[in-house]
Amino acid sequence: MKALTSIRKGIDTVLSYACGIVFAFMVCVGTYQIVTRYFFNSPSTVSEELLTYSFTWMALLAAAYVFGKRDHMRMGFLADKIQGTPKKILEIVIELLVMAMVGCIMIFGGVSIMKLTMTQSTASLGIPMGIVYAILPISGVLIFVYGILNIIDLWHGTKQEDCEVEE
């Protein structure tokens, strides 16, 4: 279990730093865009595109991070009413359903759209659109790995807080 806890902690650390770096980058690019637009009266289309794609990357990386922390929004009206083994089974089934959806849509679909758009370029940056869409399978794999870790934790009855205390 300690190995799984350290794997989760490592992924959490990488994702939190990645989100922070992308956010800091967005602040810098956004400031540059404001300065060029309002002070020099020459708006930058490159910065607009960079902000759009950076926001997409940050949102999907943050979604994977939040999923791993199990802090995502959910409707718990059924899960909160049951206790014990039925609750554990329900939560494992929910994790499996999420993993199936992520596998089909984000990983398989993301790789497919990446392949299709590698020949198309973005308007201002000139980079392949496949690079922009690469975040779909990346975040999909992260959510899938978190799903596996969550199922193992649920199976063993380990809560997220228990993993954080074992330092």
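Placed above this text is the structure.
An account of the accompanying structure is given in this report. (Residues numbered from 1 in each chain as written. Predicted model: local features only at pLDDT ≥ 70, side-chain atom pairs only at ≥ 80, totals over all residues. Heavy atoms only, no water.)

### Considering the overall build of the protein
Threshold: Secondary structure elements follow DSSP: runs of H or I no shorter than four residues count as helices, runs of E no shorter than two count as strands, and numbering proceeds from the N terminus. Radius of gyration: over C-alpha atoms. The globule rule applied is 2.2 Å multiplied by the number of residues raised to the 0.38 power. The rule is simple: take the accessible area with a 1.4 Å probe, protein chains only, and divide by the maximum for that residue type; under 20% is buried, over 50% is exposed, in between is partly exposed. Contact between two residues is taken to exist if any of their heavy atoms lie within 4.5 Å; hydrogens are not considered. Areas reported here follow the Shrake-Rupley algorithm with a probe of radius 1.4 Å; residue values treat only the protein chains shown as occluding. Lys and Arg are tallied as positive, Asp and Glu as negative. Neither His nor the chain termini are counted. Here the site of a charge means atom NZ of a Lys, CZ of an Arg, CG of an Asp or CD of a Glu.
Helix and strand counts for the protein stand at 6 helices and 0 strands. N-terminal to C-terminal, the α/β element order of the protein is α-α-α-α-α-α. Taking 2.2 N^0.38 as the reference for a compact globule, 167 residues should give roughly 15 Å; the C-alpha atoms of the protein span a radius of gyration of 20 Å, well beyond that estimate. Overall, the protein is about 65 × 35 × 35 Å in size when its C-alpha atoms are taken along their principal axes. Residues counted as buried form 33% of the 167 residues belonging to the protein. For the protein, restricting intrachain contacts to residue pairs at least 6 apart in sequence, the fraction spanning at least 24 positions comes to 71%. Accessible surface, the protein as shown: approximately 10400 Å² in total, 72% of it carbon and sulfur. Distance between charge centres in the protein, computed from 12 positive and 13 negative side chains, equals 4 Å.

### Re the side chain of asparagine 150
Here asparagine 150 shows up in helix α5 (residues 135–156). Apart from residues no more than four positions distant in its own chain, asparagine 150 is found in contact with Arg8, Phe67, Gly68, Arg70 and Glu95.

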